[in-house]
Amino acid sequence: MTIERSLVLVKPDGFQRGLTGEVLRRIEAKGYTLVGLSILTPKREQLAAHYAEHEGKPFYEPLVEFMSSGPVAAVVIEGHDSIKGFRSLAGATNPTEALPGTIRGDLGRDWGLKVQQNIVHGSDSPESAAREIDIWFPGL
Ligand code: DAT
Ligand code: MG
């Protein structure tokens, strides 16, 4: 098992609610290292690249709208199996179904919107992580 990097985003809902520190605390408490950290309001083009796999889905437009609505914290984390490990910390996509103990399960809920607001993004594979880190932290 090689050391992996994963791209984590604290989404606008998490950032606006002041949960960035709580998310970073959980990442560090788990033992992963922070190797990149940036606060920015994402542009549509950046989100279109990031979420290319979801283009055409019913939640795509609401997702891009939501993600560009305010600041996010973009983070690169590092550690053995950190891609799977962060997905485990984050919990299921639907915050109603995400188990207690996970970021989404403890801190998220369904707000009845067209897109789920679920606090965090985490890369889902080594290929996605490499692609996403290049989008958010070119050259890192
Ligand atoms: P994840 O973020 O768990 O990797 P995803 O990549 O399938 O999930 O989707 C990206 C985001 O889009 C997800 O975090 C929340 C939103 N989303 C996904 N599926 C949805 C759905 N069926 N209805 C509303 N929003 C959805
Ligand atoms: Mg995903």
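Keep in mind it's a predicted model, so treat the numbers as computed, not measured. Within each chain, residue numbers correspond to sequence positions counted from 1 in written order. Written order decides the labels, with chains lettered from A and ligands numbered from 1. With pLDDT at 70 or above as the cut-off, local features in this predicted model cover only qualifying residues; side-chain atom pairs require 80 or more to be listed or tallied, and sums for whole chains, interfaces and linings still use all residues. Water and hydrogen atoms play no part in the side-chain values, which are based on all heavy atoms of the structure.

Student: Just give me the short version of the UniProt feature "binding site: ATP" (unreviewed entry) in the protein, but keep the residues and values in it.
Tutor: Look at the UniProt record and you will see "binding site: ATP" (unreviewed entry) annotated at K11, F59, R87, T93, R104 and N118. The helix and strand labels rest on DSSP assignments: H or I over at least four residues marks a helix, E over at least two residues marks a strand, and numbering proceeds from the N terminus. Secondary-structure assignment places N118 in the loop between α6 (103-107) and β4 (120-122). Discounting chain neighbours no more than four positions away, the residues touching N118 are K11, D13, T93, P95 and R104. Within polar-contact distance, the side chain of N118 engages the side chain of K11 at 2.7 Å. UniProt positions are given in the numbering used here, feature names are shortened, and annotations may be inferred rather than shown by experiment. Residue contacts are defined here by distance: any two heavy atoms, one from each residue, within 4.5 Å place the two residues in contact. Identification of polar contacts relies on pairs of N or O atoms within 3.5 Å, with a donor-acceptor requirement for protein atoms, meaning one able to donate a hydrogen and the other able to accept it, and with residues adjacent in sequence counted only if both atoms are side-chain atoms.

Student: Give a detailed account of the site of ligand 1, specifying residues and quantitative values.
Tutor: Whether a residue is near a molecule or strand is decided by its heavy atoms; if any one of them lies within 4 Å of it, the residue is near. Residues in contact with ligand 1, as listed here, are K11, Y51, H54, F59, L63, R87, T93, R104, K114, V115, Q116 and N118. In the model, an oxygen atom of ligand 1 is placed 2.9 Å from a nitrogen or oxygen of the K11 side chain. A distance of 2.8 Å is found between an oxygen atom of ligand 1 and a side-chain nitrogen or oxygen belonging to N118. Starting from 510 Å² of accessible surface for ligand 1 in isolation, the protein chains cover 76%. Split by residue class, the shell around ligand 1 holds 4 nonpolar, 4 polar and 4 charged. The accessible surface values rely on the Shrake-Rupley method and a 1.4 Å probe; as for residues, cover is taken only from the protein chains in view. Think of it as three bins: nonpolar holds Ala, Val, Leu, Ile, Met, Phe, Trp, Tyr, Cys and Pro, charged holds Asp, Glu, Lys and Arg, and polar takes everything else, Gly as well.

Student: Describe in detail the pairing of strand β1 (residues 3-10), supporting the description with residues and values.
Tutor: Counting buried residues along β1, 6 of its 8 residues qualify, which places the element largely inside the surrounding structure. Where β1 lies against β4, 3 bridges are found, and the strand directions are antiparallel. In the sheet register, V10 faces β4, and the bridge partner there is V120. For every residue, the accessible area obtained with a 1.4 Å probe (protein chains only) is divided by the maximum for its type, and the residue is called buried under 20%, exposed over 50%, and partly exposed between those limits. DSSP calls a pair of strands paired once it identifies at least 2 bridges connecting them.

Student: Run through the packing of aromatic side chains, naming residues and quoting values.
Tutor: For Phe, Tyr and Trp, where Trp contributes only its six-membered ring, two rings pair if their centres lie within 6.5 Å, and the inter-plane angle classes them as stacked under 30 degrees, edge-to-face over 60, or tilted in between. The tally for this structure, following the rule as stated, stands at 0 aromatic pairs. Positioned above the aromatic ring of W111 is the side chain of R109, whose terminal nitrogen or guanidinium carbon lies 4.0 Å from the ring centre. Whether a charge sits over a ring depends on NZ of Lys or CZ of Arg being within 6 Å of the ring centre and within 35 degrees of the ring normal.

Student: How would you sum up the side chain of D13? Please name residues and give values.
Tutor: By secondary structure assignment, the location of D13 is in helix α1 (residues 12-16). The buried charged residue D13 lacks any salt bridge, with R17 as its nearest oppositely charged partner at 5.2 Å. Within the structure, the side chain of D13 is placed 3.5 Å from the backbone nitrogen of N118, a separation counted as a polar contact. Residues scored as charged are limited to Lys and Arg (positive) and Asp and Glu (negative), so that His and the chain ends carry no count. For salt bridges, the criterion is a side-chain nitrogen of Lys or Arg within 4 Å of an Asp or Glu carboxyl oxygen.

Student: Can you tell me about the UniProt feature "domain: Nucleoside diphosphate kinase-like" (unreviewed entry) in the protein, naming the residues and giving the values?
Tutor: The residues that UniProt annotates with the feature "domain: Nucleoside diphosphate kinase-like" (unreviewed entry) are residues 3-140. Counting secondary structure, residues 3-140 comes out at 41% helix and 20% strand; the distance between its end C-alpha atoms is 15 Å.

Student: Run through helix α7 (residues 126-136), naming residues and quoting values.
Tutor: Here α7 has its buried residues at S128, A129, E132, I133 and W136. Each buried residue of α7 lies within a common arc of 125° when the element is viewed along its axis, so the set occupies one face. What points out from α7, more than 90 degrees from its buried face, is the exposed set E127, A130 and D134. Tucked inside the fold, the buried residues of α7 contact β1, β2 (33-40), α3 (44-50), β3 (72-80), α5 (82-90) and β4. The directions considered for the arc are those from the helix axis to the C-beta atoms.

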